[in-house]
Amino acid sequence: MKSPGHEPDPRFTLANERTFLTWLSTSLALSAGGVAMAAVPEDVFVPWMRTALAVVLVFLSAVSAAMAYPRWRRVQHALRNAAPLPPPALASILGYGVAVVAVLALILILLGR
């Protein structure tokens, strides 16, 4: 079934699709980072902190993957109806989440020396 509105410029549709795929790539990278963090030897980080960082990264991965398609759909709907694009709420969640993980990892690295 075709969505209401008019067919948007293919360049915008393809840009929206690339953004969707980038969110999925980001999800895969976060998941790989979480698995890598879980595999870090026990003598590098405090075990509970290593596990917490891994869980946060994998959680962010799941959020990114789960929100990618709804975001794509909302943007496509806005393009078809010449409406304003929805704000990228997912960007702030991932940005702050990754920043927290990075700062905690940096502190642990510095304290471990």
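Residues numbered from 1 in each chain as written. Predicted model: local features only at pLDDT ≥ 70, side-chain atom pairs only at ≥ 80, totals over all residues. Heavy atoms only, no water.

Asker: Where do I start with the packing of helix α1 (residues 10-39) against helix α2 (residues 47-80) in this structure?
Answerer: Helix-helix packing is described using two parameters, namely the angle between the two axes and the distance between the axes. Look at α1 against α2: their axes get within 7 Å of each other, and the N-to-C directions meet at 170°. The orientation of α1 with respect to α2, classified from their angle, is roughly antiparallel. Split by residue class, the contact of α1 with α2 holds 19 nonpolar, 10 polar and three charged. (Axes fitted to C-alpha atoms, helices over the stretch in contact; angles between N-to-C directions. Helix = DSSP H or I, 4+ residues; strand = E, 2+ residues; numbered from the N terminus. Parallel < 35°, antiparallel > 145°, perpendicular 65-115°, else oblique. Nonpolar A, V, L, I, M, F, W, Y, C, P; charged D, E, K, R; others polar.)

Asker: Would you take a moment to explain the pattern of salt bridges for this structure?
Answerer: Oppositely charged side chains can form a pair if their charged atoms are brought close together. Evaluation of the coordinates by the stated rule reveals two salt bridges. Between R80 and E7 there is a salt bridge, with its nearest N and O atoms 3.0 Å apart. Here the residue R80 occupies a position in helix α2, and E7 occupies one in the segment before α1, the gap between them amounting to 73 residues. A relative accessible area of 48% places E7 in the partly exposed class. The closest approach of N and O atoms between R11 and D9, which form a salt bridge, is 2.5 Å. (Salt bridge = Lys/Arg side-chain N within 4 Å of Asp/Glu carboxyl O. Buried < 20%, exposed > 50% of the residue type's maximum accessible area, 1.4 Å probe, protein only.)

Asker: Would you mind showing me how to read the confidence of the model for the protein chain here?
Answerer: Do not read the predicted coordinates in detail wherever pLDDT is low. This prediction gives the protein chain a mean pLDDT of 90; 96% of its residues lie at or above 70. Ranking the elements of the protein chain by mean pLDDT puts helix α3 (residues 89-111) last, at 88, and α1 first, at 95. (pLDDT = per-residue confidence, 0-100.)

Asker: So what exactly am I meant to see when it comes to α3 here?
Answerer: Along an α-helix, residues three or four positions apart point the same way, because every turn accommodates 3.6 residues. Here α3 spans 34 Å end to end across 23 residues, near enough to the 33 Å set by a 1.5 Å rise per residue. Among all positions of α3, only L90, L94, G97, V101, A105 and L108 are buried. In this structure, the buried residues of α3 make contact with α1 and α2. (Expected span 1.5 Å × (residues − 1). Contact = heavy atoms within 4.5 Å.)

Asker: I would appreciate a short explanation of the nonpolar core in the present structure.
Answerer: The tendency in soluble globular proteins is for nonpolar side chains to be buried side by side. One finds M37, L53 and L94 to be the most contacted residues of the largest nonpolar core, which totals 16 residues. Among the secondary structure elements, those contributing two or more residues to this core are α1, α2 and α3. Considering each element in turn, this core owes the most residues, seven residues, to α2. Contact partners of M37, with chain neighbours within four places excluded, come to F45, R50, L53, A54 and L57. (Core = buried A, V, L, I, M, F, W, Y, C linked by side-chain atoms within 4.5 Å.)

Asker: Explanation requested: the environment of A105 in the structure shown.
Answerer: Counting through the fold element by element, A105 comes out in helix α3. In this structure the C-alpha to C-alpha distance between A105 and L85, which are 20 residues apart in sequence, comes to 35 Å. Beyond its immediate chain neighbours, meaning those up to four positions away, A105 contacts F45 and L53.

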